[in-house]
Amino acid sequence: MQIIGHRGASGHAPENTLASFQKALDFKVDMVELDVRLCKTGELVLMHDKDVERTTNGHGEVSDLTLAELKKLDSGEGQKIPTLIEVIDLVNRQVPIIIELKGEGTARPAVQTIHRYVKESGYSNSDFIVSSFRHNELATVRRLDPNINVATLWWNLPIDVNKLDPMIIDARLSILTSEIVKEAQAAGRRVHAFVGNEMSEIKEAKSLGVDAIHTDYPDRAQKIL
Ligand code: G3P
Ligand code: MG
């Protein structure tokens, strides 16, 4: 079972910050996952929530704030909100990056960003996976470039393992069963589970036979594997 650093190694550093991704790399994760939204000036920035209240000292919605305004905010431990580009440059092809599209309208700029790295910087499609609960955004990704790896996210049952013909089914751990995992894998898909932070959850993911687990604590998962 592979380990995905969820929002970096967000049990050890402020989530979705450069420090968090550096920690994840230091833990030698197999992949990292991050959440993107569009800010007012059109850049993709890392932010899980619609607004900045929970994770910074600022106020307001990401879509109402410019990159310059977002960059003034404190994410804790001296960290700032990074752009997607800053994280791609930090990770520097060491592991694949799962780009979770949180906000509406994020598909096109995410595809443009991937294209830029593939065409200009020697990256390949295997360096990126685009995931989302917003399956309409993933459909846009598919339409713009069918070769980009896609993961459909599932919070509730039923899971349609074949919707959008994804490379990966990425589901909430508590809704997964070994039957679903086997069905997806028999259809040639990978199965990822989110989020396993407790040892019991990581063990459960392993016993279900998933291909990878998202965790805020890669070090815990490594103790089990
Ligand atoms: O990509 C899996 C996981 O990150 C989805 O949930 O809320 O942590 O973005 P969330
Ligand atoms: Mg996420």
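The structure under discussion appears in the preceding block.
Starting afresh in each chain, residues are numbered from 1 along the sequence in its written order. Starting at A for chains and at 1 for ligands, labels are handed out in the order in which the entities are written. Reporting of local features is limited, given that this is a predicted model, to residues whose pLDDT is at least 70; pairs of side-chain atoms are given and counted only at 80 or more, and all residues count toward the totals for whole chains, interfaces and linings. Where side-chain values are given, they derive from all heavy atoms of the structure, hydrogens and water being excluded.

Visitor: Quick question: what am I supposed to make of the site of ligand 1 here?
Guide: When we say a residue is near a molecule or strand, we mean one of its heavy atoms is within 4 Å of it. As a matter of local geometry, ligand 1 sits amid H6, R7, E33, D35, H48, E100, K102, F133, L153, F194 and H214. Counted as a polar contact is a pair of N or O atoms within 3.5 Å, where, for protein atoms, one must be capable of donating a hydrogen and the other of accepting one, and residues adjacent in sequence contribute only when both atoms are in side chains. Side-chain polar atom of E33 to an oxygen atom of ligand 1: 2.7 Å apart, as the coordinates give it. Note on areas: Shrake-Rupley, 1.4 Å probe, and residue coverage restricted to the protein chains presented here. Calculation on ligand 1 without its partners gives an accessible area of 290 Å², and the protein chains cover 94% of this total. When residues are sorted by character, Ala, Val, Leu, Ile, Met, Phe, Trp, Tyr, Cys and Pro go into the nonpolar class, Asp, Glu, Lys and Arg into the charged class, and all the rest, Gly among them, into the polar class. Partitioned by chemical class, the residues of the shell around ligand 1 number 3 nonpolar, 3 polar and 5 charged.

Visitor: Honestly, the pattern of salt bridges in this entry has me stumped. Any pointers?
Guide: Oppositely charged side chains may form a pair once their charged atoms are brought near each other. Here, a salt bridge means any side-chain nitrogen of Lys or Arg that lies within 4 Å of a carboxyl oxygen of Asp or Glu. Applying the stated criterion across every chain yields a total of 8 salt bridges. Of the charged contacts, one joins K71 and E86 as a salt bridge, the two residues approaching to 2.8 Å between their closest N and O atoms. You can see K71 sitting in helix 2 (residues 67-71) and its partner E86 sitting in helix 3 (residues 84-91), a full 15 residues away along the chain. Assessed through its relative accessible area of 31%, E86 is described here as partly exposed. With a closest N to O distance of 2.7 Å, R189 and D165 form a salt bridge. Of this pair, R189 sits in the loop between helix 6 (178-186) and strand 8 (190-194) while D165 is found in the loop between strand 6 (150-154) and strand 7 (168-172), placing the two residues 24 residues apart along the sequence. Secondary structure elements are taken from DSSP: a helix is a run of H or I of four residues or more, a strand is a run of E of two residues or more, and numbering for both begins at the N terminus. When accessible area is computed with a 1.4 Å probe and restricted to protein chains, residues below 20% of their type maximum are described as buried, those above 50% as exposed, and intermediate ones as partly exposed.

Visitor: I'm lost on the coordination of the magnesium ion (ligand 2) in this one. Help?
Guide: Geometry reference: four tetrahedral donors at a metal, ideal angle 109.5 degrees. Six octahedral donors, ideal angles 90 or 180 degrees. A donor here means an N, O or S atom no more than 2.8 Å from the metal, or no more than 3.2 Å when the metal is Na, K or Ca. Since water is not included, a site may seem to lack partners. The magnesium ion (ligand 2) binds to the protein through E33 (OE), D35 (OD) and E100 (OE); the donor distances cover 1.9 to 2.2 Å. In primary sequence terms, the donor set of the magnesium ion (ligand 2) follows E-x1-D-x64-E. Across the pair, exposure class does not vary: E33 and D35 are buried alike.

Visitor: Explanation requested: the nonpolar core in the structure shown.
Guide: Across soluble globular proteins, you tend to see nonpolar side chains buried next to one another. We define a nonpolar core as any set of buried Ala, Val, Leu, Ile, Met, Phe, Trp, Tyr and Cys residues linked to one another through side-chain atoms lying within 4.5 Å. V32, L34, V36, L84, I99, L101 and V141 are the most contacted members of the largest nonpolar core, which has 34 residues in total. Looking at which element gives the most residues to this core, the answer is helix 4 (residues 107-120), with 5 residues. By size, the runner-up hydrophobic cluster in this structure holds 17 residues, among which are I159, I175, A205 and I213.

Visitor: Even after reading the chapter, I still don't get the packing of helix 3 against helix 4, so can you show me in this structure?
Guide: For any two helices packed against each other, one specifies the crossing angle of their axes together with the interaxial distance. To get an axis, a line is fitted to the C-alpha atoms, and for a helix only the part in contact is used. The angle between two axes follows their N-to-C directions and goes from 0 to 180 degrees. At a minimum axis distance of 11 Å, the contact between helix 3 and helix 4 shows a crossing angle of 35°. Crossing angle aside, the handedness with which helix 3 passes helix 4 is right-handed. Contact residues: helix 3 offers L84, I85, I88 and D89, while helix 4 offers T113, R116 and Y117. Tallied by class, residues from the contact of helix 3 with helix 4 come to 4 nonpolar, 1 polar and 2 charged. Two helices crossing with the near one rotated counterclockwise from the far one by less than a right angle form a left-handed crossing, whereas a clockwise rotation gives a right-handed crossing. Contacts are assigned to residue pairs that have any heavy atoms within 4.5 Å of one another.

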